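For reference, the chains in residue letters:
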Amino acid sequence: MVIFAHYLKNLFGKNPFSMAKIKYYYNPDTCTYEKVKPQASEIALQVGIFSVLSLCLAVVIVYFYSSYYTTEKEQALREENQELLEHYNLLNKELTEVTDILKSLQQRDDNIYRVIFEAEPIPSSVRSAGSGGTDKYRELLKKGLKKEKLILNTKSKIDQLKKSLYIQTKSYDELSKLIKNKNAMMACMPAIQPVANKGLARLTSGFGLRIHPIYKVGQFHPGIDFAAPQGTPIYATADGVVEKATYEGGYGNYVVINHGYGYKTLYGHMSEMKSQVGQKVKRGELIGLVGSTGFSTAPHVHYEVIYNGEQVNPVYYFFKDLSADEYEKILEIASKENQSLG
Ligand SMILES: [Zn+2]
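All of these numbers come straight from a predicted model, not from anything done at the bench. (Residues numbered from 1 in each chain as written. Predicted model: local features only at pLDDT ≥ 70, side-chain atom pairs only at ≥ 80, totals over all residues. Heavy atoms only, no water.)

**Observations concerning the overall build of the chain**
Right, so step 1: Tallying secondary structure elements over the chain gives seven helices and 14 strands in all.
Right, so step 2: Considering the chain as a whole, with its 342 residues, one finds that 32% of them fall into the buried category.
Right, so step 3: A fraction of 65% describes how many contacts in the chain between residues 6 or more apart in sequence connect residues 24 or more apart.
Right, so step 4: Accessible surface computed for the chain: about 21900 Å², of which carbon and sulfur atoms make up 60%. (Helix = DSSP H or I, 4+ residues; strand = E, 2+ residues; numbered from the N terminus. Buried < 20%, exposed > 50% of the residue type's maximum accessible area, 1.4 Å probe, protein only. Contact = heavy atoms within 4.5 Å. Areas by Shrake-Rupley, 256 points an atom, 1.4 Å probe, with all protein chains shown as cover.)

Rendered as structure tokens:
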């Protein structure tokens, strides 16, 4: 204050705080010292200068005070702000964790569930499709938020999570439909042997390259032969509709059943057909009797499984009526290189 007053004194040539000082002058008429009476305009000027200077000083003091010292309210706001920031950071971390959990669900969905139910995996481009980039957050930027990067990051994570969750839910909906249909599909999937085969003695020739019984040359054998006495019952290996029941030079009397879902089965060399075209059959239903019609050297049933138009190894479609041990054994028998019966 003293420095300030000194500065003002230098500026105005007098100390403004000393204006209350009483001044005297010598009156030669009365031979006494008399008080100097200040003029009204001089007083007004002094008061004006003093007021302006006080105001300036007050402004300067308030400015410095508020710069260096915070009020309780400001302090509370600052703490609240810091707390919010910490919450945001925590929220961001938790969002990352939730996103990781969702990723593992997506992987399980694509690599396990969708494989089991033969559904195409969801393309990663669909799963990771953006949700409009950061353009949609421009409003936030306009507001000039100080922690905009953190806030944008959090917002975008939440949006991506919401979208991914929606896609995942849709995927599960689709899978639940497939599960419902799975029972029907399982009934239509070839799953037993076409003849009763206790002790697995009937399987005589497996799928693949085998010696042709008549031509005696290596030839692709597109099915499995089960040797059985003439007249042994032949059963449908899954639910379906009889598509063919006819005679042909190679297969002799043969029946083809269409099971749907891409599966068909063929039963050849029957002595007698016990089913007609268009007939609905159930798994285990009698469709014909074992014989040796067509290219055949002994009574047997030549059994084929056709999946999506291609003959596949029927040995993989006996799972319904075999124990694990029996299944091992039948795989071994079917893999032996021997001569087919036709
Ligand atoms: Zn055969």
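Now that the structure is up, let's keep going.
**Here we look at the pairing of strand β4 (residues 208–211)**
Across a regular strand the side chains alternate sides, sitting on one face of the sheet and then on the other.
Right, so step 1: Sheet analysis places β4 next to strand β5 (residues 218–221), joined by four bridges and oriented antiparallel. Pairing of Arg210 across the sheet is with Gln219, part of β5.
Right, so step 2: Counted between consecutive antiparallel strands, the loop separating β4 from β5 contains six residues, among which Lys216 sits at a positive phi close to 55°. (Pairing = 2+ DSSP bridges.)

**Remarks on the packing of aromatic side chains**
Right, so step 1: The tally for this structure, following the rule as stated, stands at nine aromatic pairs.
Right, so step 2: A connected cluster of aromatic rings, assembled from ring pairs, spans Phe226, Tyr267, Tyr303 and Phe318. (Phe/Tyr/Trp six-rings, centres within 6.5 Å; stacked < 30°, edge-to-face > 60°.)

**Considerations on the pattern of salt bridges**
Right, so step 1: Going through the model one piece at a time under the given rule, you end up with three salt bridges.
Right, so step 2: Glu243 is the salt-bridge partner of Lys264, the closest N and O atoms lying 3.0 Å from each other. A residue pair is termed long-range when its members are at least 10 positions apart, and Lys264 in strand β10 (residues 263–273) and Glu243 in strand β8 (residues 240–248) qualify at 21 residues.
Right, so step 3: What makes Lys264 partly exposed here is its relative accessible area of 28%.
Right, so step 4: With a relative accessible area of 32%, Glu243 lands in the partly exposed category.
Right, so step 5: A salt bridge links Lys274 to Glu272, with the nearest nitrogen and oxygen atoms 3.0 Å apart.
Right, so step 6: Note on Lys274: relative accessible area 38%, which makes it partly exposed. (Salt bridge = Lys/Arg side-chain N within 4 Å of Asp/Glu carboxyl O.)

**Quick notes on the nonpolar core**
Generally speaking, nonpolar side chains in soluble globular proteins are found buried as a group.
Right, so step 1: Phe226, Ile234, Ile257, Tyr267, Ile287 and Phe318 are the most contacted members of the largest nonpolar core, which totals 28 residues.
Right, so step 2: Going through the elements one at a time, β6 (224–227), β9 (252–260), β10, β12 (286–290), β13 (300–307) and α7 (324–335) are the ones with two or more residues in this core. (Core = buried A, V, L, I, M, F, W, Y, C linked by side-chain atoms within 4.5 Å.)

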